Amino acid sequence: MGRVGVLLLNLGGPDRLEDVGPFLFNLFSDPEIIRLPFPWLQRPLAWLISSRRTKKSQENYKQIGGGSPLRRITEAQGEALKEQLGALGQEATIYVGMRYWHPYTEEAIAKIIQDKIEHLVILPLYPQFSISTSGSSFRLLEKLWKENTKLQSINYTVIPSWHKQQGYLQAMADLIVQELSQIANPDEAHIFFSAHGVPKNYVEEAGDPYEQEIEECTYLIMQTLNRPNFYTLAYQSRVGPVEWLQPYTEDAIKELGTKGTKDLVVVPISFVSEHIETLQEIDIEYRELAEEAGIHNFRRVPALNTNPVFIKALADLVIDALEAPSLKLSQVTQMKKKVKIYPPERWEWGMTTSAEVWNGRIAMLGFIALIIELVTGHGLLHMVGLL
Ligand SMILES: C=CC1=C(C)c2cc3[nH]c(cc4nc(cc5[nH]c(cc1n2)c(C)c5CCC(=O)O)C(CCC(=O)O)=C4C)c(C)c3C=C
Ligand SMILES: [Fe+2]
């Protein structure tokens, strides 16, 4: 086999407080994160939302040392993976491609071309697929592939998701056992899986398999654990006014408190690295909430980071992918998105769904224009540079 590369995909996070604003702007500019009917509205709205969120978000990053550890941890995972692959007899160069901050996916792709990689494995560091995470990175890669003929000669394969991989499940179970072993009555502890949420309409209207993969994964971790503990699955990190997957973590914690739970072991389920949502949201916000709800023994299972069982699982995934028939980006985006096309794009006359959708779009546009004008003092035409 010729030169082998592994491209690790992740979301990225601001390295310093001054990066928070531009990072949030990049994130909200992504149509896979905020779905708007008019592409030209994306950037003005991203600017508006990121400007309004920056201060609050910076406060949170301040509490975890002034920036996200995601880059450092992802690079360490890359080094550990390279070493593990070498030990298994597979030499490979590892590239990190972040979606919204440095090192950007585009930078990784430029290096892959420069290094003349012949076989590439695309491995998202998200065990479960979501349109908003792996899906967004795959879509970007699809675009880069179409634009650059040099990429087209690379023999690549995509790993869409890996939430059922045995080594990964074992590594998660091991970390839970370690945490339980520090409790006086380990069988009494309630195991609380907290997954990053997504808006409910991603699952119900756009066909995102995320909720199903999270549920399967949680079930399989409990099977691997093979213990009598009760467990709960809930969703954290909701942003904006729309409904997200339920139950929300904060509500589920309060409910367990009222039911008399005393020992809670929180397991971050959709993240493989420590980042703001484990270090700040779970460790600080949810811990406080649990204390108020009467849950005095609140513990959190660490993220996998460079856990050796986990790194071996990643290496096995890479080796299996190199041996299996290659899976293309377009195949994955089609396969994972069992899309009910929403909103319907073909116009039908009368009291039809498309009429409702278009009425909704126009009303939404008017509403957004009003908010933008109220907040900035300028109308929408000013914002898009027409006045
Ligand atoms: C599986 C993981 C993730 C899913 C699903 C996801 C969806 C999702 N996220 C937002 C909004 C924000 N995410 C932010 C940061 C962030 N999110 C993830 C993971 C998932 N996001 C990571 C790894 C990070 C980076 C964390 C870091 O350490 O820097 C942020 C910024 C932080 C903040 O201001 O709270 C936002 C905003 C949406 C809207 C969404 C689904 C549509
Ligand atoms: Fe997020």
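Here's what I pulled together on the structure shown here.

Conventions and cut-offs
Residues numbered from 1 in each chain as written. Chains lettered and ligands numbered in written order. Predicted model: local features only at pLDDT ≥ 70, side-chain atom pairs only at ≥ 80, totals over all residues. Heavy atoms only, no water. Buried < 20%, exposed > 50% of the residue type's maximum accessible area, 1.4 Å probe, protein only. Helix = DSSP H or I, 4+ residues; strand = E, 2+ residues; numbered from the N terminus. Arc of directions from axis to C-beta. Contact = heavy atoms within 4.5 Å. Axes fitted to C-alpha atoms, helices over the stretch in contact; angles between N-to-C directions. Parallel < 35°, antiparallel > 145°, perpendicular 65-115°, else oblique. Left-handed = near helix turned anticlockwise from the far one by under 90°. Nonpolar A, V, L, I, M, F, W, Y, C, P; charged D, E, K, R; others polar. Core = buried A, V, L, I, M, F, W, Y, C linked by side-chain atoms within 4.5 Å. Near = heavy atom within 4 Å. Polar contact = N/O pair within 3.5 Å; in protein donor to acceptor, adjacent residues only side chain to side chain. Salt bridge = Lys/Arg side-chain N within 4 Å of Asp/Glu carboxyl O.

So, about helix α12 (residues 329-336). Each turn of an α-helix holds 3.6 residues, which means side chains three or four residues apart point in the same direction. Of all the residues in α12, the buried ones are Leu329, Val332, Thr333 and Lys336. In a view along the axis of α12, the buried residues occupy a sector of 95°, so they form one face of it. Summarising the contacts, the buried residues of α12 are in contact with β3 (119-124), α5 (134-147), β4 (155-158) and α8 (210-225).

Take the packing of helix α9 (residues 249-258) against helix α10 (residues 276-292) next. Between α9 and α10, the shortest axis-to-axis distance is 9 Å and the interhelical angle comes to 25°. Classed by the angle they form, the pair α9 and α10 counts as roughly parallel. Here α9 runs over α10; the crossing is right-handed. Touching Thr249, Glu250, Ile253 and Lys254 of α9 are Tyr286, Leu289 and Ala290, all from α10. The residue makeup of the contact of α9 with α10, split by class, is four nonpolar, one polar and two charged.

Moving on, we get to the nonpolar core. Ile122 and Tyr168 are the most contacted members of the largest nonpolar core, which has 76 residues in total. Per-element tally for this core: the top contributor is helix α11 (residues 308-323), with ten residues. The next biggest cluster of nonpolar side chains, apart from the first, holds 18 residues, and it includes Leu24, Leu27, Ile34 and Leu36.

Around ligand 1 there are 27 residues in total, and Arg53, Ser57, Tyr61, Ser68 and Ile276 lie nearest to it. In this structure, an oxygen atom belonging to ligand 1 sits 3.0 Å away from a main-chain N or O atom of Ile276. Glu277 is positioned such that a nitrogen or oxygen atom in its side chain is 3.5 Å from a nitrogen atom of ligand 1. When residues of the shell around ligand 1 are traced back to their parent elements, those giving at least two are α1 (20-28), α2 (42-63) and α10. It is α1 that provides the largest number of residues to the shell around ligand 1, a total of four residues. Within the shell around ligand 1, the residues separate by chemical class into 16 nonpolar, nine polar and two charged.

Once that is clear, we can look at the environment of Trp145. Along the polypeptide, Trp145 turns up in helix α5. With residues up to four places along the chain from it excluded, the contact list for Trp145 reads Ile109, Leu120, Ile122, Leu151, Gln152, Tyr156 and Leu329.

So, about the pattern of salt bridges. Counted according to the given criterion, the structure contains 17 salt bridges. The closest approach of N and O atoms between Glu18 and Arg16, which form a salt bridge, is 3.7 Å. You can call Glu18 exposed: its relative accessible area is 54%. Arg16 serves as the salt-bridge partner of Asp19, at 2.8 Å between the closest nitrogen and oxygen.

A few words now on unusual backbone geometry. With an omega dihedral of -10°, the bond running from His102 to Pro103 counts as a cis peptide bond. The residue after Gln246, namely Pro247, is reached through a cis peptide bond having omega 0°. Residue position: Pro247 is located in the loop between β6 (231-236) and α9. Despite not being glycine, Lys116 has its phi angle at roughly 55°, a positive value. For Lys116, the location among the structural elements is in the loop between α4 (105-114) and β3. By relative accessible area, Lys116 is classed as exposed at 58%. Although it is not a glycine, Asn226 sits at a positive phi angle of roughly 50°.

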